[in-house]
Amino acid sequence: MAETLTAAIVAVLVTASFPLYLYGAWIVIDAETVTWDVLIHHLKYIAVALALTTVPMVVWMIPRAFDQWGPMLAVHIFFGLQAYALLLVALTGIVRIFQVKWQSDLYREPDEDIDISELHEHMSAWRWRLRIGVFGYLLFWLLAYIVGMVRFAYEYLVLARYLP
């Protein structure tokens, strides 16, 4: 029973991260100019969402993975690894964009007339990496989430009825 409760808590935590990802993205999409305050506000939601996904994975899911090995777990792990790989792709873009905008002082004194692509010759490539990484992360996160919820339902709700 304790394992079922822990699994349910983990499912709730991971589920709670998705609206935070969406709202964090919306903060940046909705802003005309990304100032330092907008960036920090955005990162607060994204950091909490990442923590709600990553901490349960590292603390509870990974240590138990080898005891539950099966095809659904392999698919779940595959999608999860793809999500984190694409998060790294996004980070390679955002770090460089952040550096250039910081050096240009565009977070503290935003200038709406400046085309961000003109700040550095590789800016469009970094922005492309960021977009692909974020989109890919969310896509594979959703796929891993769906597989994880199917596994949760099967192992803790369906299978539990047939075990003593």
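First, a word on what this report is: a plain description of the structure on this page. Keep in mind that this is a model prediction, so the values were computed, not measured. (Residues numbered from 1 in each chain as written. Predicted model: local features only at pLDDT ≥ 70, side-chain atom pairs only at ≥ 80, totals over all residues. Heavy atoms only, no water.)

Examining the environment of A11
With respect to the element layout, A11 can be found in helix α1 (residues 2-30). The exposure class of A11 is buried, given its relative accessible area of 12%. Residues A11 and L52 lie 41 residues apart in sequence; the distance between their C-alpha atoms is 10.0 Å. (Helix = DSSP H or I, 4+ residues; strand = E, 2+ residues; numbered from the N terminus. Buried < 20%, exposed > 50% of the residue type's maximum accessible area, 1.4 Å probe, protein only.)

Here we look at a nonpolar patch on the surface
There is a patch of nonpolar side chains on the surface, built from V55, V58, V59 and I62 and spanning about 360 Å² of accessible area. Residue class for I62 comes out partly exposed when judged on its relative accessible area of 45%. (Patch = residues over 30% accessible without salt bridge, like charges linked within 9 Å, V, L, I, M, F, W, Y side chains within 5 Å. Areas by Shrake-Rupley, 256 points an atom, 1.4 Å probe, with all protein chains shown as cover. Salt bridge = Lys/Arg side-chain N within 4 Å of Asp/Glu carboxyl O.)

Observations concerning the nonpolar core
Judged by nonpolar contacts, the single largest core of 20 residues is most densely connected at Y21, Y137 and W141. Elements represented by at least two residues in this core include exactly α1, α2 (36-65), α3 (71-103) and α4 (123-162). Those residues in contact with Y21, other than ones at most four positions away along the chain, are I46, A49, L50, T53, Y137, L138 and W141. (Core = buried A, V, L, I, M, F, W, Y, C linked by side-chain atoms within 4.5 Å. Contact = heavy atoms within 4.5 Å.)

From the geometry alone we can't say anything about function, so treat these as descriptive.
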